[in-house]
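Next come the chains, spelled out residue by residue.
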Amino acid sequence: MATLVAVPVALLAGVLAFVLLNARGGDGGAAPSPGSSSPRVQAIGPVTMPAPPLAERAAVVCRALLAGLPDRIRDLPRRPVKAGPEQNAAYGDPAVTLACGGARPAVAATDFLLVMDGVCWRSSQAPDLTVWATVDREVPVRVTVPAAYAQPAQWANEFSAAVVAAVPSASAAPSGCR
């Protein structure tokens, strides 16, 4: 009699666990492994980003840039941002972010510059992320790529076409951009 009750209950528990794990991406909600090329996507609530005030010209340029961004980059869906939707965008979780406007990055002679699809990007790294900033555009654009994503330059380059289309080139650019 005990077997007649225990077997169906165990089977039901196993099916329920399988359904719940598959609904969460099959890994129980584990964080993406560092260095993976594309962490598991779990687009959740709005992303917190600063939204400094923009001058009139920068605001126009940033709105044009944001209007030209895709709904997805690779397999990462676009997510809402808490502040500055006219100048900020976020994709996936952990969020790859784009911020338009703000302070122009200083470029030292030893900085790593990389021209990708017509945009000159300056790279700076922290232990948990890489920040790519345009240094040849009228209005600066920054792309922050969490360390969970391999090849951060390729993630920044996902935005190059939109930058070229919406953000005019600056009158001067660092020598490493030519």
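To keep things clear, this report deals only with the structure shown in the data block. (Residues numbered from 1 in each chain as written. Predicted model: local features only at pLDDT ≥ 70, side-chain atom pairs only at ≥ 80, totals over all residues. Heavy atoms only, no water.)

### Regarding the pairing of strand E4 (residues 96-100)
Here's step 1: Counting buried positions over the 5 residues of E4 gives 4, a clear majority of the element.
Here's step 2: Sheet topology places strand E3 (residues 88-91) next to E4; 4 bridges connect them, and they run antiparallel. Residue pairing for E4: Ala90 is matched across the bridge by Thr97.
Here's step 3: Linking two consecutive strands that pair antiparallel, namely E3 and E4, is a turn of 4 residues; a positive phi of about 70 degrees is found at Gly92 within it.
Here's step 4: Two elements, E4 and strand E8 (residues 141-146), share 4 bridges in a ladder whose sense is antiparallel. Residue pairing for E8: Thr97 is matched across the bridge by Thr144. (Buried < 20%, exposed > 50% of the residue type's maximum accessible area, 1.4 Å probe, protein only. Helix = DSSP H or I, 4+ residues; strand = E, 2+ residues; numbered from the N terminus. Pairing = 2+ DSSP bridges.)

### With respect to the pairing of E8
One face of the sheet, then the other: side chains in a regular strand alternate in exactly this way.
Here's step 1: For strand E7 (residues 129-134) and E8, the ladder comprises 5 bridges, and the chain directions are antiparallel. Looking at the pairing, Ala133 lines up with Arg142 of E8.
Here's step 2: Turn length for the E7-E8 hairpin, with the two strands adjacent in sequence and antiparallel, is 6 residues.

### Brief notes about the state of the cysteines
Two cysteines whose sulfur atoms are joined by a covalent bond form what is called a disulfide.
Here's step 1: Enumeration over the complete set of coordinates arrives at 2 disulfides.
Here's step 2: With its sulfur 2.1 Å from that of its partner, Cys62 forms a disulfide with Cys100. Classification of the bridge connecting Cys62 and Cys100 rests on its S-S torsion, roughly -85 degrees, and on that basis the disulfide is left-handed. Residue Cys62 is found in helix H2 (residues 56-67), and its partner Cys100 is found in strand E4; the two are separated by 38 residues along the sequence. Each of the two residues, Cys62 as well as Cys100, counts as buried. (Disulfide = S-S within 2.5 Å.)

### Some points on the environment of Ser175
Here's step 1: With respect to the element layout, Ser175 can be found in the segment after helix H4 (160-166).
Here's step 2: Here Ser175 falls in the exposed class, since its relative accessible area comes to 62%.
Here's step 3: Residues Ser175 and Leu113, spaced 62 residues apart in sequence, show a C-alpha to C-alpha distance of 9.5 Å.

### Focus on the pattern of salt bridges
Here's step 1: This structure, assessed with the given rule, holds 5 salt bridges.
Here's step 2: For Asp93, the salt bridge goes to Arg79, with nearest N and O atoms at 3.7 Å. You can see Asp93 sitting in the loop between E3 and E4 and its partner Arg79 sitting in strand E2 (residues 76-79), a full 14 residues away along the chain. Side by side, Asp93 and Arg79 carry an identical accessibility label, which is buried.
Here's step 3: One salt bridge in this structure joins Asp111 and Arg122, with 2.9 Å as the shortest N-O distance. With Asp111 in the loop between E4 and strand E5 (113-116) and Arg122 in strand E6 (residues 119-126), this pair connects stretches of sequence that are 11 residues apart. (Salt bridge = Lys/Arg side-chain N within 4 Å of Asp/Glu carboxyl O.)

### Thoughts on the nonpolar core
Here's step 1: Ranked by size, the top nonpolar core spans 30 residues in total, and within it Leu65, Leu69, Val96, Leu98 and Val143 carry the most contacts.
Here's step 2: Mapped by element, the contributors of at least two residues to this core are H2, E3, E4, E6, E8, helix H3 (152-157) and H4.
Here's step 3: By residue number, the principal contributor to this core is H2, which donates 5 residues.
Here's step 4: Met49, Val81, Ala90 and Ala95 belong to the second-largest nonpolar core, a separate cluster that totals 5 residues. (Core = buried A, V, L, I, M, F, W, Y, C linked by side-chain atoms within 4.5 Å.)

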